[in-house]
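Remarks on the overall topology
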Amino acid sequence: SGLSQEAGSVEQLSLHCAEGSLEWLYPTGALRLRLAPRLPPTSAAVKGGSPPHVTACIKPTGTFRGAQLYLEREGMLELLLPEAPRPRARCFSWLPQEKVALFLQATPHPDISRRIAAFRYELRGDWLARPALPAASLSAEGACRPCNDTEILMAICTSDFVIRGSIRSVSNDAELQESIIGVSATRIHRQKFPLFQAGGRPGRPVGSIRTPLRCGVKPGPGTFLFTGWLHFGEAWLSCAPRYRDFQRIYEGAQRMRQNPCEFPVD
């Protein structure tokens, strides 16, 4: 609470968790939030390869008021969230040796009415090579490109969800610049959280998967293998080959003994 802060003071905090939230009541002065995620050993740079990036995503609540959020990088400030922003995620990446922090600065107001500057955050080490997220700063290049065979094989092994099913509908949200794909699942191979639940035809779980609006997703017939990641509790699309194409790719890699993991194919 800003009521316990002195006017003009800057409170120092560190964010270590992979994800979480911050709520600042009656913002006064400023908060400086050091970004220091505890990275898993797998995020270390491969010998001879490029150093891994660390990625953060910030999503304000719909009632974000009373402050502005800046990215502080090597002593320079970049505005991430103005006061009363649209509830869209902003993502950015940096190298581990770079010094970055979030600077949450209270905006002056003549009254003391209740204001809350609140947001959710995600911190990831070495975020996936092809994150399909709405933030242009993170995924402008390649987010809409079809996955190649190697990316498809890796996606079935490492994704938060792997769903076989068909497209029921596609709706577009122009404000959030997102397309929402309604999916009817014929088989749930993996899902870390119950994204797909009963609600469609008997025995057919249904759910929704998001992708950037600029990708121009259209409804189409056939069975697909949908893979992707959780982002602030929502499913985001990574690779979605037609199931018959996936079968061909997987069986070819199996003959060459190049599958990164075992996967049930029928």
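Everything here concerns the structure above.
Rules and cut-offs
- Residues numbered from 1 in each chain as written.
- Predicted model: local features only at pLDDT ≥ 70, side-chain atom pairs only at ≥ 80, totals over all residues.
- Heavy atoms only, no water.
- Helix = DSSP H or I, 4+ residues; strand = E, 2+ residues; numbered from the N terminus.
- Expected span 1.5 Å × (residues − 1).
- Buried < 20%, exposed > 50% of the residue type's maximum accessible area, 1.4 Å probe, protein only.
- Contact = heavy atoms within 4.5 Å.
- Polar contact = N/O pair within 3.5 Å; in protein donor to acceptor, adjacent residues only side chain to side chain.
- Salt bridge = Lys/Arg side-chain N within 4 Å of Asp/Glu carboxyl O.
- Phe/Tyr/Trp six-rings, centres within 6.5 Å; stacked < 30°, edge-to-face > 60°.

1. Side note on helix H3 (residues 243–255)
Helical geometry: 3.6 residues make up each α-helical turn, so side chains three or four residues apart lie on a common side. In this model H3 runs 18 Å from its N-terminal to its C-terminal C-alpha over 13 residues, within 8% of the 18 Å that 1.5 Å per residue would give. Turning to H3, its buried residues number three or more, namely Tyr243, Phe246, Gln247, Ile249, Tyr250, Gly252 and Ala253. Elements in contact with the buried residues of H3: helix H2 (149–158), strand E10 (161–173) and strand E14 (224–231). Arginine 257 sits one or two positions beyond H3 and adopts a positive phi of about 55°.

2. Considering the side chain of glutamate 122
As for its placement among the helices and strands, glutamate 122 is situated in strand E9 (residues 116–125). Residue glutamate 122 is classed as buried on the basis of its relative accessible area, which comes to 2%. Of the polar contacts made by the side chain of glutamate 122, one reaches the side chain of histidine 231; its length is 3.0 Å.

3. Some thoughts on the pattern of salt bridges
Counting across every chain of the model gives 6 salt bridges. In this structure, arginine 90 and glutamate 78 form a salt bridge, with 4.0 Å as the shortest nitrogen-oxygen distance. Here arginine 90, found in strand E7 (residues 90–94), pairs with glutamate 78, found in strand E6 (residues 76–81); they are 12 residues apart in sequence, far enough to count as distant. The network of salt bridges with common partners includes Glu178, Arg210 and Glu234.

4. What to know about the packing of aromatic side chains
Under the defined criterion, the tally for this structure stands at 6 aromatic pairs. Judged by centre distance (5.7 Å) and plane angle (40°), the ring pair of phenylalanine 246 and tyrosine 250 falls under tilted. Placement of both phenylalanine 246 and tyrosine 250 in helix H3 is noted, with a separation of 4 residues, approximately one turn of the helix. One exposure class covers both phenylalanine 246 and tyrosine 250, and it is buried. Through a chain of ring-to-ring contacts, three or more aromatic side chains come together here, namely Tyr243, Phe246, Tyr250 and Phe263.

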